[in-house]
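Here are the chains, one letter per residue:
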Amino acid sequence: TTSSSSSASGGDQRRRGDDGMLAAMEEAGCAEPNLVVEAAKRVLRAAMQGDEIQPDDLMQMRVCGTKMVESSRVKALKSTGGPVADAFLGLPDMEKEQGRSRDFYSAVFRVIADERDAIMAHRLAQLAERAAGEPVVAVVGAAHVNGISRKW
């Protein structure tokens with residue numbers, strides 16, 4: 001009986017997690033989050049089986065993923081404020097008001113991208129360790145592949 005209640009509890013937790021993910025996708029402006037989840041499952045299944053990944057599935061995931069990342073970034077930056085937040089939030093007069101150059105913002109963006117690469121590499125390493133030799137598949141933007149590989 002313990003195993004069935006344990007597995008039911010895990011299923012409940014997974015459903016709550018799925019509901020939270022779907023809610024976050026909707027909040028970010030993703031059209032039809034359930035279809036995005038199904039596309040992600042098809043992509044992962046194809047990758048795990050060595051089958052061809054359908055470009056439409058990737059695009060559906062990418063469009064929603066981009067909206068989610070941007071939504072999260074805006075929320076985080078609004079809560080911290082400051083010149084970096086203003087730069088990311090696209091305030092046009094930032095350079096004039098503070099006398100900062102585009103080189104400054106480019107450097108800030110590189111640091112943030114590098115940090116994101118480190119976070120993703122760390123999380124993938126954790127997942128690989130837990131997977132105990134099974135493949136771990138991640139879909140990331142092309143700009144992050146080299147950074148993640150260097151930090152792996």
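A. Looking closely at a nonpolar patch on the surface. On the surface, a cluster of nonpolar side chains totalling about 380 Å² of accessible area is made up of Leu44, Met48, Leu58, Val137 and Val139. Structurally, Val137 is set in the loop between α6 (102–131) and α7 (142–151).

B. Molecular detail of the confidence of the model for the protein chain. The predicted model of the protein chain averages 77 in pLDDT, with 69% of residues at 70 or higher. Element-level pLDDT for the protein chain is lowest in helix α5 (residues 94–98), with a mean of 53, against a maximum mean of 90 in helix α2 (residues 33–49). Taken as a whole, residues 1–7 scores under 50 in pLDDT and shows 0 contacts with residues more than four places along the chain or in a different chain.

C. The arrangement of the pattern of salt bridges in detail. Applying the stated criterion to the full structure yields 2 salt bridges. Residues Glu38 and Lys41 are paired through a salt bridge, measuring 3.5 Å at the closest nitrogen-oxygen approach. Of this pair, Glu38 and Lys41 are both found in helix α2, 3 residues apart, which corresponds to roughly one turn of the helix. Of the residues examined, Glu38 reaches a relative accessible area of 37% and is grouped as partly exposed. Asp57 is the salt-bridge partner of Arg42, the closest N and O atoms lying 2.7 Å from each other. Of this pair, Arg42 sits in helix α2 while Asp57 sits in helix α3 (residues 55–80); the two residues are 15 residues apart in sequence, bridging distant segments of the chain. A relative accessible area of 38% places Arg42 in the partly exposed class. For Asp57, a relative accessible area of 9% corresponds to the buried category.

D. Fine view of α7. Those residues of α7 that fall on the buried side of the exposure criterion are His144, Gly147 and Ile148. Projection of α7 onto a plane perpendicular to its axis shows the buried side chains occupying an angular sector of 100 degrees, all on one side. Opposite the buried face of α7, by more than 90 degrees, sit the exposed residues Ala142, Asn146 and Arg150.

E. How the structure looks around the state of the cysteines. All chains considered together, the criterion is met by 1 disulfide. Here Cys30 pairs with Cys64 through a disulfide, and the sulfurs are 2.0 Å apart. Across the disulfide from Cys30 to Cys64, rotation about the S-S bond amounts to roughly 95 degrees, and the bridge is consequently right-handed. On the criterion of sequence distance, the pair formed by Cys30 in the loop between α1 (2–28) and α2 and Cys64 in helix α3 is long-range, its members being 34 residues apart. Here the two residues Cys30 and Cys64 agree in accessibility, since each one is buried.

F. Spatial organisation of unusual backbone geometry. Phi at Glu32 takes a positive value of approximately 50 degrees, unusual for a residue other than glycine. Following the sequence through the fold, Glu32 ends up in the loop between α1 and α2. Under the relative-accessibility criterion, Glu32 is labelled exposed at 55%. Look at Ala132: it is not a glycine, yet its phi comes out positive at around 50 degrees.

G. Expanded view of the side chain of His144. Positionally, His144 belongs in helix α7. Under the relative-accessibility criterion, His144 is labelled buried at 11%. The residues contacting His144, other than those within four sequence positions of it, are Ala113, Arg116, Asp117 and Met120.

Reading the values: the criteria
- In every chain, residue numbers begin from 1 and rise along the written sequence.
- In view of the model being predicted, local features appear only for residues whose pLDDT reaches at least 70, and side-chain atom pairs are presented and counted only at 80 or more, with totals across whole chains, interfaces and linings using the full set of residues.
- Side-chain metrics in this entry use all non-hydrogen atoms of the structure; hydrogen atoms and water are not considered.
- Only residues whose relative accessible area exceeds 30% and that form no salt bridge enter a patch; like-charged residues are grouped when within 9 Å of one another, and nonpolar side chains (Val, Leu, Ile, Met, Phe, Trp, Tyr) when within 5 Å.
- Accessible surface is estimated by sampling points in the Shrake-Rupley manner with a 1.4 Å probe; for residues, cover comes only from the protein chains shown.
- Criterion for a salt bridge: a side-chain nitrogen of Lys or Arg within 4 Å of a carboxyl oxygen of Asp or Glu.
- Put simply, DSSP H or I for four residues or longer makes a helix, DSSP E for two residues or longer makes a strand, and each gets a number counted from the N terminus.
- A residue's pLDDT is the confidence the predictor assigns to it, expressed on a 0 to 100 scale.
- Any two residues having at least one pair of non-hydrogen atoms within 4.5 Å are treated as being in contact.
- Each residue's exposure class comes from its accessible area (1.4 Å probe, protein chains only) as a fraction of the maximum for that residue type: buried when under 20%, exposed when over 50%, partly exposed otherwise.
- What the arc describes is the spread of directions from the helix axis to the C-beta atoms.
- Two cysteine sulfurs form a disulfide in these notes if their separation is within 2.5 Å.

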